[in-house]
Amino acid sequence: SRRGKPEETPFEAARAFCRQMCPAPRLPKEPVYGFNDWYCDYGKNSAESVLYYAAYVARLCPKGANRPFMVVDDGWQATGGGTGYGGPWDRGNANFPSMAGLADGIRKAGARPAIWIHLLTAQEGQPDAWRLKHNPKILDISVPEVRKYVMETVARLRAWGYELIKHDYSVSDLAGYTRAAPEPEAVWAYADRSRTTAEIVLDHYRSIREAAGDDGIIIGCNTIGHLAAGLFELQRIGDDTSGRDWDRVRNRGVNTLGFRAPQHAAFFAVDADCVGLTEAEAIPWACNRQWLDLLARSGTPLFISFKRNALTAEQEKTVSEALAIASRPQPLGEPLDWFEAVNPTRGLEAISHLEGGA
């Protein structure tokens, strides 16, 4: 519990309470920002496209020491690219002939290598005892051999040269809420019946943290936030935004940032997801510009995902200015109408005016 202070806003009180619940968050040493290739390519990516975008974001960013990240998202794995699943994760596919070479190329282009992974997808040849009984496509994290496999996989990504690892899907993998219902006779239980789900998941997250090392940066995506607090530097705080659908951006992005911003720098750095664009004006620039401005000045991480040649020179100038802002520490923006609006539109300091239309 916490006693409020005179004149503090509900937002300030919520943030202070989050800090009380997590007295020792693990935070990035510098603001995290950069490029993610999901919302421009949606899994139809390649080493060539990644290196193009790495050079692109490096050119648009300021020349200071805090370089942008280039996140290689879904699409690099040996099979199943663009589905969120697939694998194995020990090599790339024909479009990604050398994952270590790609990390080196990203670095030479002026960005920092980062990579996405779905760690708990079961692979061909892995024993049945490693798999969840109610969903054999997913690994059972209570099994010691699975823990070892997860740590080896994360350590391999780091050995390839990726400084930031974005691991995805552990909530839906373990709770099954986004998947079809299992057979009625399915046994919803881990192999280890001696520990609670929270204890098992926390051990899984600690394994990822340990394998990434002290210098590795972790983004949890579709992960359990209160268990990730103190272990992961960043946390995706909502469902995917979009490179095509503005209503989804408002619902998954603006809404998410407005209501979970109090967790920022208290549990982790909150990541409200990308400013994306699959082709010119797939989302009206008047809308995306506001979302870009909001994230840049909100004090939270900014990731962009613009298809090559989708922006005009003037738009690129606006993006460059936003990246420069995001590369430096900013005060956390406070939504002023979060008690009245599902998607806050009024803000203090950093929050822009994000209305429904263009």
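Summarised in this report is the structure supplied together with it. (Residues numbered from 1 in each chain as written. Predicted model: local features only at pLDDT ≥ 70, side-chain atom pairs only at ≥ 80, totals over all residues. Heavy atoms only, no water.)

With that out of the way, let us pick up the overall build of the chain. Regarding its fold elements, the chain presents eleven helices and 13 strands. Against the compact-globule benchmark of 21 Å for 358 residues, the chain has a radius of gyration of 20 Å, which places it among compact chains. For the C-alpha atoms alone, the extent of the chain along its principal axes is close to 55 × 55 × 40 Å. The buried share among the 358 residues of the chain stands at 55%. Long-range contacts, defined here as pairs at least 24 residues apart, represent 70% of the contacts in the chain between residues at least 6 apart. Summed over its atoms, the accessible surface of the chain is roughly 15,400 Å², and 52% of this surface lies on carbon and sulfur atoms. (Helix = DSSP H or I, 4+ residues; strand = E, 2+ residues; numbered from the N terminus. Rg over C-alpha atoms; globule rule 2.2 N^0.38 Å. Buried < 20%, exposed > 50% of the residue type's maximum accessible area, 1.4 Å probe, protein only. Contact = heavy atoms within 4.5 Å. Areas by Shrake-Rupley, 256 points an atom, 1.4 Å probe, with all protein chains shown as cover.)

Time to look at the environment of W188. Looking at the element boundaries, W188 is found in the loop between α6 (170-175) and α7 (197-212). The exposure class assigned to W188 is partly exposed, which follows from its relative accessible area of 44%. With 13 residues separating them in the primary sequence, W188 and A175 have C-alpha atoms 9.3 Å apart.

Right, let's talk about the side chain of S327 for a bit. Mapping S327 onto the fold places it in the loop between α11 (313-326) and β12 (334-335). Judged by its relative accessible area of 11%, S327 is buried. Not counting chain neighbours up to four residues away, the residues in contact with S327 comprise P31, Y33, P62 and N66.

We now examine the nonpolar core. In this structure, W76 and L302 are the most contacted members of the largest nonpolar core, which totals 92 residues. Excluding residues within four positions of it along the chain, W76 makes contact with N45, W89, R91, G92, N93, F96, M99, I115, W116, L157 and W160. The next biggest cluster of nonpolar side chains, apart from the first, holds 14 residues, and it includes W38, Y39, I217 and C274. (Core = buried A, V, L, I, M, F, W, Y, C linked by side-chain atoms within 4.5 Å.)

Now for the packing of aromatic side chains. Between two aromatic rings, the relevant description is the distance of the centres plus the angle of the planes. The tally for this structure, following the rule as stated, stands at 16 aromatic pairs. Seen from their ring centres, F35 and Y56 are 6.4 Å apart, and the 85 degrees between their planes marks the pair as edge-to-face. Of this pair, F35 sits in strand β1 (residues 33-36) while Y56 sits in helix α3 (residues 47-60), and the two are 21 residues apart along the sequence. On the basis of relative accessibility, which here comes to 0%, the residue F35 falls in the buried class. With a centroid separation of 6.2 Å and 45 degrees between ring planes, the pair formed by F259 and W338 is classed as tilted. (Phe/Tyr/Trp six-rings, centres within 6.5 Å; stacked < 30°, edge-to-face > 60°.)

Another point: helix α5 (residues 144-160). In this model, α5 (17 residues) spans 25 Å end to end at C-alpha, consistent with the 24 Å of a helix rising 1.5 Å per residue. Those residues of α5 not exposed but buried are V146, Y149, V150, M151, T153, V154, L157 and W160. If you follow the buried residues of α5, they end up packed against β4 (87-92), α4 (99-108), β5 (112-117), β6 (164-168) and α7. Positive backbone phi, approximately 115 degrees, marks G161, located one or two places after α5. (Expected span 1.5 Å × (residues − 1).)

In this fold, R260 is placed in helix α9 (residues 246-260). C-alpha separation for the pair R260 and V270, spaced ten residues apart in sequence, amounts to 7.8 Å. For R260, the contacting residues outside a window of four places in its chain are I237, F268 and V270. In this structure the side chain of R260 is engaged in a polar contact, spanning 2.9 Å, whose partner is the backbone oxygen of I237. (Polar contact = N/O pair within 3.5 Å; in protein donor to acceptor, adjacent residues only side chain to side chain.)

Looking now at the pairing of β5. The element β5 is largely enclosed, with a buried count of five among its six residues. As defined by bridge partners, β5 adjoins β6 across four bridges and the pair is classed as parallel. Looking at β6, one finds that A114 is bridged to L164. (Pairing = 2+ DSSP bridges.)

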